[in-house]
There are 2 protein chains.
Amino acid sequence: MIGKEKVNLNPLDDHRFPPHEWALIENYPSSADLGQTETLFATANGYIGMRGNPEEGRDSHHVGTFINGFHETWDIRHAENAYGLARTGQTLINAPSSLMFRLYVDDEPLLLSIADLQAYERRLEFREGVLRRELIWRTPAGKRVLVRSTRMVSFTERHLALMTYEVTLLEGDAPIVISSQIVNKEDFDDVAGRRAPRSDEDPRKNPGLDHRVLRPEMSWHSPRRMILGYQVANSGMTLAVGADHRIETSNLFTELDDTTDDQGRKVYRIAAKQGQPIMITKAVAYHTSRSVPVRELSDRVRRTLDRVRENGFEAYYQAQRAWLTRFWESSDVDAGTTQRLQQAIRWCIFQLAQAAARADGAGIPAKGLTGDGYEGHYFWDSEVYMVPFLTLTAPEQARNALRFRSTHLDSARERAREMSTKGALFPWRTINGEEASAYYAAGTAQYHIDADIAYAIGHYVSMSGDREFAFGDGAQMLVETARMWVDLGFWRVNAAETFEIHGVTGPDEYTTVVNNNTYTNVMARWNLRLASWMVRRMEADSPDDYRRLVHTVQLDPDEVETWERCASGMKIPFDERLGIHPQDDAFVAKEVWDLENTPQESYPLLLHYHPLVIYRFQVLKQADVVLALFLRSNEFGLEEKRADFEYYDPITTGDSSLSAVMQAIIAAEVGYQDMALEYFYEGLLVDIGDTHGNTSDGVHVASAAGTWRALVCGFGGLRDDDEVLCFDPRLPRKWGHLTFRLAYRGSRIKVHLTRRQITFTLLSGHPVPLRVRGTEYLVGADPLAVRLSHQGAYLSSLASSHPVIGGRRKDGTLITAEVPEVSDVEFPTEEFSGAT
Amino acid sequence: MIGKEKVNLNPLDDHRFPPHEWALIENYPSSADLGQTETLFATANGYIGMRGNPEEGRDSHHVGTFINGFHETWDIRHAENAYGLARTGQTLINAPSSLMFRLYVDDEPLLLSIADLQAYERRLEFREGVLRRELIWRTPAGKRVLVRSTRMVSFTERHLALMTYEVTLLEGDAPIVISSQIVNKEDFDDVAGRRAPRSDEDPRKNPGLDHRVLRPEMSWHSPRRMILGYQVANSGMTLAVGADHRIETSNLFTELDDTTDDQGRKVYRIAAKQGQPIMITKAVAYHTSRSVPVRELSDRVRRTLDRVRENGFEAYYQAQRAWLTRFWESSDVDAGTTQRLQQAIRWCIFQLAQAAARADGAGIPAKGLTGDGYEGHYFWDSEVYMVPFLTLTAPEQARNALRFRSTHLDSARERAREMSTKGALFPWRTINGEEASAYYAAGTAQYHIDADIAYAIGHYVSMSGDREFAFGDGAQMLVETARMWVDLGFWRVNAAETFEIHGVTGPDEYTTVVNNNTYTNVMARWNLRLASWMVRRMEADSPDDYRRLVHTVQLDPDEVETWERCASGMKIPFDERLGIHPQDDAFVAKEVWDLENTPQESYPLLLHYHPLVIYRFQVLKQADVVLALFLRSNEFGLEEKRADFEYYDPITTGDSSLSAVMQAIIAAEVGYQDMALEYFYEGLLVDIGDTHGNTSDGVHVASAAGTWRALVCGFGGLRDDDEVLCFDPRLPRKWGHLTFRLAYRGSRIKVHLTRRQITFTLLSGHPVPLRVRGTEYLVGADPLAVRLSHQGAYLSSLASSHPVIGGRRKDGTLITAEVPEVSDVEFPTEEFSGAT
């Protein structure tokens, strides 16, 4: 349901945050929204993340530095225990902060909230990947001081962050002290060794650890370098963080170096003269490990820092710019709309780089590395929201993310045993591979995580043509997840014999533990088909890989037939009377929640109603069936999609930030253009507008990725659930054009959409086959322009007999077409048994 | 499902535990089963309970003294929180123990586990209400010592326990020390002030408190008396415990008195001569309160103890015997079977006295006061298992129990608000009236607690004719619970318009949060009807009471019609194909659990499978529909009952001890005589045979009460869901007779059943109307004997056209009959709309 109030398309104050297409800019600071701005101005590279805290400290909602995968474990104590409940809590650790430079002029500290600021500007540059701040401070003594600082987390050097802090007295001389620090600031109570538990009822927040997490193992310094090392109390993980400092100034100064267990300090005392700049550079390196001793990690820190000394800062700035140039070449979307909205679009896409770029062997947490909301866990949205973006823009990163999942395969096998099923069951939320969801009804019960991973694998293999991954880790995961479904479901002998899956929760968490959740069954069916297709393909094309697979997963050839049989027999609920796919067997029998008369302050419902109350109504937290309509687009006809959308939309609260972007895509497809735009804006402005009120906990990464998909798939009309890229554009009436880029099987293309035509340009690689509104094309050396007729009236044309992308014609026949292979991996071409 | 192995009808070793009809006897102690024997030999009166620990300490599984309602509270920390989850944990406190007498002869302690015992006998006397022990100990020095002790928790003096300890040297002289103690032994870690959490996964066990619970407020002693006082850390409750000691001996002795925060000691040092007995008496009083200061409680302790000094012990022994004589006159069941089984039957019934006799203003915990299993909470089984027994044997105690519930009405109203419903929602488990169930799926979701309470009220009012209670607290509770159902359910407009109740859990906890649980709907319908009947009756018969009610609960006259409409429209699930009442809307669609091939060590399932696994199968922890068939017997025909029983029996694990007794009743009714006996034995021997392996946690009080009902209702054939007592006996073939007593509207009758006839004798009060196999009788001054034809072949006769108690004839018509009123409160007589 679209909110009662329209989305504010300019949620930021133009004066304070002037619109800019390639930067987020703040013209004066405020204590009122520190939590949000810390998130908006965070810098990260997928491994290290630093919230946008000011260098001088104090004025913070939450000082946060996060290293991907660096976590503490703890025993989950269930108020009432039961067999198999998640036992090991996992919480991303707030690592020692290295961004601090305390500044004293005439012994008076600079503190933003109380300082007399003559000028102030903070900019996060999307093309440079640097956070810059410049301010002029009139000290209590009346002297004006220019302070310039920069902060960069490197995309090219995974473990590195570079900072500069430059101070110039504009009037008069003064003693200046600059204290650069690395601080481990755990807010525990030293006496009892425990922290006060947070009493917050919001289950989305990090409940907080109640013990000292980082045990000091090392603190070392020399005149130019300091290193601190820690081991984590329960998880045993290790961390070393080090910093090199350098000062450039013509003023006289002395230096003091000092490290203790929880602090490293480099203090400069400077006899500053007017107009003589003081420039301090600080290179910081973080290294973490599951098990390597701190001493070894400190050596790695040294090596990273030594390289910076050799190469100099400028080399890394250049590399950062070059990296981002390539990034934008493959990922930018130009929507031809307002500067503010374009800024929001690029900010979202920039966050995707910050979340994923150097995740490398780690996963992609729900908040990236910009906050510890959801305890830094990896969820399904990694595969359903993030990875498909990576697949179509930076396939090598998609591969990393999927390979990361495969490192959890053994844990998933073990968890499946514990849950009394065969195969592998991936954890609903996790850092280390163990299930960490303490509330099974909206956690472990979301078995669809297995199918979501399979979906991402299928999508990646199909779009990238990566045979090595497909026949290796990919196949293993497909086999083990398929096995899980076969064992979880059962054949129900009723009027017809159907394969049913009971006792699961779909993506919508306002209905839990149901029978035959449509999303789950649709996705499980796809999982089973992908597995069978993959195994059969390997057997035919790559006997060595096949034999290796058979051996590794102890594959019985009969299994493949079982998967196919279960897929064919899979029950997909359909309600003849309503003409829709019910969310589950019992969904439409429930009472309908009266959203019209639910007061605004009662949202999100989960914070105002007991789960039992929410569960007994027809009310959705987020798209569920509607999400399946998009992910498995070619299994549903347009009429079906429209009926489902029309049924679910009025009862979908959008209390989850994952919802709006997907509703935008289907709204666009089925003809609700205004609604599609509204939903798109809702998704786009989740963080920039803090529309969910919790941006302070970190960036909504999935929503940001969904924003890209809403642009490319919703308005660009891309459907990618078949073996080729298919387009049926839906350019919003008010937009002049839409330009985006896609990667496909080693090639890259640019897509430029206007009201009258869609133009494809091959940027690199082989010619790319694709379809536009059912017609096949090959994009070769010359740009390909396809005229789009009746752009303004596409709805009526589609609603009559216009063939729909990969779907069905009105007469019910499937649209299928032979497509030239461009890789030695092709996609399943069997006909689908249909949606009912 | 009857277990694979037949119930062992003699689970106790005849040598160690010789059968006896009126006592439980132990001929030698064992360390192997301390937990069980402590429970079996516990002494209690419904207010104070003491586990059967030996006086000398040490040899204990769990030293336990419990005072009804005396509890600590604690904040429930949910691993993942949500709105409205139970917040306040409540745990029955292990109160200071007063049963200890340490004995030293020649400075050598008597410790049962290592003592050289020449003789030993321990007896729990069901007619005297005294636990006696006698032993002869050969000391390490070779001297034989006779030790006799007794322990009695008084049924007549609620706060009192009496103990004696008598020592006689049989050979030679020796210095003897006897140290009588009151000990507060909290097993917390003094250094950290915390206890180690119990890591047990069994949700039925008390998770234990992790802090010091009792704060010492007072310790005082004089030469004859000691008093300790405490306040509970969080709940603020207070307790005072005191003891008077007296010694009788012709030996020389000295005394030492001493109290500290956690201990009171009375030490006798005796120069004992051979053959000169030393007799020590110890009177102990416990007083507790929600808020009264310890000083005031200590005064109450003094008054209790002063009375004992005045009256002497013997007066209390006599009163105890007299009380139990009356108890057995109203509650005894003589089954004419083996001594062992008769012993078990009387042990069970004795436990009911121990659990309820002096609960007075408190509730009846699931384990009585014999252990802290289930944290000492009050559950629904109080109303469904215990109160009906009390109603038919000791109506004044039933009234107390129901009045106790009414003291929670305000909390229940508040909880209903929190759960977004009108009226009142009683807590699934509680001590102080607040919901303490941390696992809502098998807790708060059991909304049927409201209907269970209404059922017990209806049953009590109908059987007792207690107009004052009916028109006062009873009516209020019926109104508020009816309101809850109206608001919880909704009208579903489908083929027919039905009133449906979604998102609830029935008694069977192996299926949770379902739509239209048959048990719940049947009982909710009865709740609604009872409320409407009660209000209409008051309006007609007692305008003053009616006006008071209307004012108190703000009753809108239209509400009554709403209740009636909802009751008439209530959906009672029925599966035409299977011809049964499905447990809920989705139940029969689920996969059937293969119990035949489930290994014995995988029971109970809840300790070996994740809830999600259990929930997706057709498998029952306990009778659900089958329980409704008994409680609302006259709403179902015999064929329906048999079909339901036959469907559910093979998939019912009986993992709950509440199950067997109810299965026994319906098995008997529908003609499975052997099975009925097997289930009855299962229920009967739950504790005597420790068949669930957790008797050490305390007596299964509901099962003990169910044992009485299985005898009276299962074999005696009593149905009491109509306004008169109805009988259709099912005497087991092997039993010679069955004799039991019933209270009915101020009268008492004895029922004597043999193979050929059933005889009723009026013990006191007015003539009693009743029905035997559909024929009406009035039991007056002379015994009434009714011949029973074809006793051996009742099944076939019933299965054809024999009218069934209050049920339907084969042609589907309801059996109804006008019954003479014997009280000014009569029961609803409207026809029921039927079971489908």
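In short, a report on the structure. (Residues numbered from 1 in each chain as written. Chains lettered and ligands numbered in written order. Predicted model: local features only at pLDDT ≥ 70, side-chain atom pairs only at ≥ 80, totals over all residues. Heavy atoms only, no water.)

Describing the overall build of chain A
Of the regular secondary structure elements, chain A holds 19 helices and 32 strands. Scaling as 2.2 N^0.38, a compact globule of 836 residues should have a C-alpha radius of gyration of about 28 Å, and chain A matches this with 27 Å. C-alpha atoms of chain A, sized along the principal axes, occupy 90 × 60 × 60 Å. Looking at chain A as a whole, 66% of its 836 residues are labelled buried. Once local pairs closer than 6 in sequence are excluded, the contacts in chain A between residues at least 24 apart make up 68%. Carbon together with sulfur atoms contributes 47% to the accessible area of chain A, which is approximately 27,800 Å² in total. Charge separation in chain A, taken as the distance between the mean sites of 91 positive and 117 negative side-chain charges, equals 4 Å. (Helix = DSSP H or I, 4+ residues; strand = E, 2+ residues; numbered from the N terminus. Rg over C-alpha atoms; globule rule 2.2 N^0.38 Å. Buried < 20%, exposed > 50% of the residue type's maximum accessible area, 1.4 Å probe, protein only. Contact = heavy atoms within 4.5 Å. Areas by Shrake-Rupley, 256 points an atom, 1.4 Å probe, with all protein chains shown as cover. Lys, Arg positive; Asp, Glu negative; His and termini not counted. Charge placed at Lys NZ, Arg CZ, Asp CG, Glu CD.)

What about unusual backbone geometry?
All names here are of chain A. Each neighbour pair has its own omega, and for tyrosine 603 with proline 604 the value is -10 degrees, a cis peptide bond. Structurally, proline 604 can be placed in the loop between strand E23 (591–592) and helix H13 (611–615). Positive phi is not limited to glycine here, since aspartate 107 has a value of about 65 degrees. You can see aspartate 107 is positioned in the loop between strand E7 (97–105) and strand E8 (108–109). On the basis of relative accessible area, aspartate 107 is assigned to the exposed category, the value being 60%.

Description of the sheet that holds strand E29 (residues 757–764) of chain A
Residues and elements named next belong to chain A. Pairing in this open sheet of five strands is antiparallel, and the strands run E20-E27-E28-E29-E32 from one edge to the other. Each of the sheet's edge strands pairs with one partner strand only, and the pair in question is strand E20 (333–334) and strand E32 (784–787). Sheet topology note: the strand E28 (residues 747–754)/E29 ladder contains six bridges and is antiparallel. Pairing of arginine 748 across the sheet is with serine 764, part of E29. Against the sheet, helix H18 (residues 701–715) engages E20, strand E27 (737–744) and E28, with an angle of about 100 degrees to E27. (Pairing = 2+ DSSP bridges. Axes fitted to C-alpha atoms, helices over the stretch in contact; angles between N-to-C directions.)

Regarding the packing of aromatic side chains
Residues and elements named next belong to chain B. Enumeration according to the criterion identifies 58 aromatic pairs over all chains in this entry. Centroid distance tryptophan 323 to phenylalanine 327: 5.7 Å. Interplanar angle 10 degrees. Geometry classified as stacked. Of this pair, tryptophan 323 and phenylalanine 327 are both found in helix H3 (residues 313–331), four residues apart, which corresponds to roughly one turn of the helix. Seen in terms of ring centroids, phenylalanine 680 and tryptophan 735 are 5.7 Å apart; in terms of plane orientation they differ by 75 degrees. Their pairing is edge-to-face. Of the two residues, phenylalanine 680 sits in helix H17 (residues 673–684) while tryptophan 735 sits in the loop between strand E26 (725–727) and strand E27 (737–744), which places them 55 residues apart along the sequence. Each member of the pair, phenylalanine 680 as well as tryptophan 735, carries the same accessibility label: buried. (Phe/Tyr/Trp six-rings, centres within 6.5 Å; stacked < 30°, edge-to-face > 60°.)

Observations regarding the environment of leucine 528 of chain B
All names here are of chain B. Topologically, leucine 528 is positioned in helix H10 (residues 518–541). On the basis of relative accessible area, leucine 528 is assigned to the buried category, the value being 0%. C-alpha of leucine 528 to C-alpha of glutamine 622: the two residues are 94 residues apart in sequence and 25 Å apart in space. If we skip the residues at most four places from it in the chain, leucine 528 touches Ala482, Trp485, Val486, Trp563, Cys566, Ala567 and Met570.

Some thoughts on the relation of the copies chain B and chain A
Superposing the two chain copies requires a rotation about an axis and a translation along that axis. The transformation that overlays chain B on chain A combines an axial shift of 0.1 Å with a rotation of 180 degrees, and the residual RMSD is 0.1 Å. In symmetry terms, the pair is related by a two-fold rotation axis. Identified as the residue of chain B closest to the rotation axis by C-alpha distance is histidine 78 of chain B, at 3.2 Å. A symmetric contact is evident, with 100% of the interface residues of chain B recurring at the interface of chain A. (Least-squares fit on C-alpha atoms with pLDDT ≥ 70 in both.)

Some thoughts on the interface of chain B and chain A
Facing the 55 residues of chain B at the interface are 55 residues of chain A. Counting the surface lost from both chain B and chain A, the interface buries some 4,700 Å², and carbon and sulfur atoms represent 56% of this. Our count for the chain B to chain A interface comes out at two salt bridges. One can count four residue pairs in polar contact (both at pLDDT 80 or more) joining chain B with chain A. Residues of the side of chain B that touches chain A, tallied by class, amount to 26 nonpolar, 14 polar and 15 charged. (Buried area = accessible area lost by both parts, 1.4 Å probe. Salt bridge = Lys/Arg side-chain N within 4 Å of Asp/Glu carboxyl O. Polar contact = N/O pair within 3.5 Å; in protein donor to acceptor, adjacent residues only side chain to side chain. Nonpolar A, V, L, I, M, F, W, Y, C, P; charged D, E, K, R; others polar.)

Regarding the pairing of strand E30 (residues 768–772) of chain B
A regular strand places its side chains so that they alternate between the two faces of the sheet. All names here are of chain B. Burial runs high along E30: five of the five residues are buried. Every second residue of E30 is oriented toward a common face, with Val768, Leu770 and Val772 on one face and Pro769 and Arg771 on the other, all of them buried. As defined by bridge partners, E26 adjoins E30 across three bridges and the pair is classed as parallel. Looking at the pairing, phenylalanine 727 lines up with valine 772 of E30. In terms of strand pairing, E30 meets strand E31 (residues 775–779) through five bridges, oriented antiparallel. Bridged to valine 772 within E31 is threonine 775.

Here's the deal with the environment of valine 63 of chain A
All names here are of chain A. Here valine 63 lies in the loop between strand E3 (48–50) and strand E4 (65–67). With relative accessibility at 31%, the residue valine 63 sits in the partly exposed group. Along the sequence, valine 63 and asparagine 53 sit ten residues apart, while their C-alpha atoms lie 6.2 Å from each other. Aside from chain neighbours lying at most four places away, what touches valine 63 is Asn53, Asn94 and Ser97.

A look at the sheet that holds E26 of chain B
Residue and element names in this part refer to chain B. In spatial order, the strands read E25-E26-E30-E31; together these four strands make up an open sheet with mixed pairing. At either margin of the open sheet sits one strand with a lone partner, and together these are strand E25 (718–719) and E31. For E25 and E26, the ladder comprises two bridges, and the chain directions are antiparallel. Among the inter-strand pairings, arginine 719 is bridged to a residue of E26, identified as cysteine 726.

What is shown is where atoms sit, not what they do.
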